[in-house]
Amino acid sequence: MGQMRPLLTTPPTRSGGPRRFPLRTLLLMILALIVFARLWWITHHPRPAPPPSVTAPQQRHPPIPVRPLAPAPERQ
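It should be emphasised that the depicted structure is a prediction, and the values quoted were computed from it without experimental measurement. (Residues numbered from 1 in each chain as written. Predicted model: local features only at pLDDT ≥ 70, side-chain atom pairs only at ≥ 80, totals over all residues. Heavy atoms only, no water.)

Visitor: Which residues make up the overall build of the chain, and what values do they have?
Guide: A count of helical and extended segments in the chain gives 2 helices and 0 strands. The proportion of buried residues among the 76 residues of the chain is 0%. For the chain, the exposed area adds up to about 8,900 Å²; of that, 66% sits on carbon and sulfur atoms. (Helix = DSSP H or I, 4+ residues; strand = E, 2+ residues; numbered from the N terminus. Buried < 20%, exposed > 50% of the residue type's maximum accessible area, 1.4 Å probe, protein only. Areas by Shrake-Rupley, 256 points an atom, 1.4 Å probe, with all protein chains shown as cover.)

Visitor: Can you break down helix α1 (residues 23-44) residue by residue, with the values?
Guide: Here α1 contains 22 residues, and its C-alpha end-to-end distance of 32 Å stays within 8% of the 32 Å for a straight helix at 1.5 Å per residue. A small share of α1 lies buried, amounting to 0 of its 22 residues. (Expected span 1.5 Å × (residues − 1).)

Visitor: Give me the lowdown on a nonpolar patch on the surface, citing residues and values where you can.
Guide: Among the surface-exposed residues, Leu28, Leu31, Val35, Phe36, Leu39, Trp40, Trp41 and Ile42 lie close enough to one another that they form a single nonpolar patch of about 860 Å² accessible area. Exposure remark for Leu31: the relative accessible area of 49% places this residue in the partly exposed category. (Patch = residues over 30% accessible without salt bridge, like charges linked within 9 Å, V, L, I, M, F, W, Y side chains within 5 Å. Salt bridge = Lys/Arg side-chain N within 4 Å of Asp/Glu carboxyl O.)

This is the structure we're talking about:
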């Protein structure tokens with residue numbers, strides 16, 4: 001029996017060897033890694049502390065002074 005060569009499921013490239021992944025697949029894998037890294041950064045990165053004015057207890061404002069209305073003149 002002669003030497004058996006491996007089966008090629010994809011056409012050979014210019015260099016003669018088999019192409020493992022098409023270019024579109026490689027680009028999609030790279031895009032998926034970028035999206036994964038971005039989502040991981042958003043969910044695992046600590047948020048900055050809020051400004052002190054937000055965390056301090058809210059002070060009550062003094063009531064607004066209001067002058068009472070004069071009674072309406074009576075109509076006859």
